[in-house]
Amino acid sequence: MTRREFAKCIGAVAGVAAIHGFSFANEGEKKMKCAVVYFSWSGNTRFAAETISKKAGADLFEIKAETSYSTDFQKCCDEAKPECYGKKLRPIKPIEGLDLAKYDLVFVGSPNWWGTMAPPVRTWVSQNKDALKGKKVCLFQTHGGGGMQRVGKEFAEVIGDTATVLSPKAFSGSSIKSNVKALEDFADERIAGK
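The sections below set out a description of the structure shown in this document. (Residues numbered from 1 in each chain as written. Predicted model: local features only at pLDDT ≥ 70, side-chain atom pairs only at ≥ 80, totals over all residues. Heavy atoms only, no water.)

When you line up the elements, Arg90 lands in the loop between α3 (73-85) and β3 (105-113). Relative accessible area serves as the criterion here: at 7%, Arg90 is assigned to the buried category. Along the sequence, Arg90 and Ser68 sit 22 residues apart, while their C-alpha atoms lie 9.9 Å from each other. With sequence-adjacent residues up to four places away left out, Arg90 is seen in contact with Ala65, Thr67, Ser68, Tyr69, Glu79, Glu83, Pro119, Pro120 and Thr123. (Helix = DSSP H or I, 4+ residues; strand = E, 2+ residues; numbered from the N terminus. Buried < 20%, exposed > 50% of the residue type's maximum accessible area, 1.4 Å probe, protein only. Contact = heavy atoms within 4.5 Å.)

For α3, which comprises 13 residues, the first-to-last C-alpha distance of 18 Å matches the rise-based estimate of 18 Å (1.5 Å per residue) to within 8%. For α3, the principal kink sits at Glu79 and spans about 30°; a proline, Pro82, occurs within the next four residues. Every buried residue of α3 is listed here: Cys76, Cys77, Ala80, Glu83 and Cys84. Next to the buried residues of α3 lie β3, β4 (116-117) and α4 (119-128). Between a side-chain oxygen at the N-terminus of α3 and the backbone nitrogen of Gln74 the separation is 3.3 Å; the capping residue is Asp72. Lys87 lies just past α3 and shows a positive phi near 50°. (Expected span 1.5 Å × (residues − 1). Bend = angle between axes of the 7 residues up to and from the residue. Polar contact = N/O pair within 3.5 Å; in protein donor to acceptor, adjacent residues only side chain to side chain.)

Another point: helix α6 (residues 180-191). Its twelve residues place the ends of α6 17 Å apart at the C-alpha level, agreeing with the 16 Å of an ideal helix rising 1.5 Å per residue. Looking at α6, one finds that the buried residues are Leu183, Phe186, Ala187 and Arg190. Axial view of α6: buried residues confined to an arc of 95°, hence all on one face. Against α2 (44-56), β3, β5 (136-143) and β6 (164-172) lie the buried residues of α6. Positive backbone phi, at 90°, marks Gly193, one or two positions downstream of α6. (Arc of directions from axis to C-beta.)

In structure tokens, the structure reads:
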């Protein structure tokens, strides 16, 4: 058999294995099943979520408010600011196809709004903290210059002691599209439990 024939054979075996969901992990090693759940208003958190999902091989789910925020920045601010300061929950739509029982690690993405997580994310976490029991959960957030502020702390408080909360990470929204490597490194590190 030539090298070329051997390479084709290996490629065919890998392709069949991928189609049937076979993992080439070491014997006894379980591949971690991941989900990425996020809310995005401007698209920055969506970009981060899609990048993390792709790197982690994770299923991707979007949190959507029952009543969307205005697409006008100032109107959105007028609407969301009192919700954020009051730590209010904003009604959200059910997420079709999301069964948290299937996942070992759940990444949760939110924009940083006035130093805290966006109200639809607070709502989703509040509604699902019992379903996250025994899982690893990790927050990532995008911001316009404020950094992490209280977002990670408040996220952990809402989750409580039901899940293992991994270290959160903040990403600048203005440079998110040039930060693909940082997003991918974050996904790798959290999957490794760091």
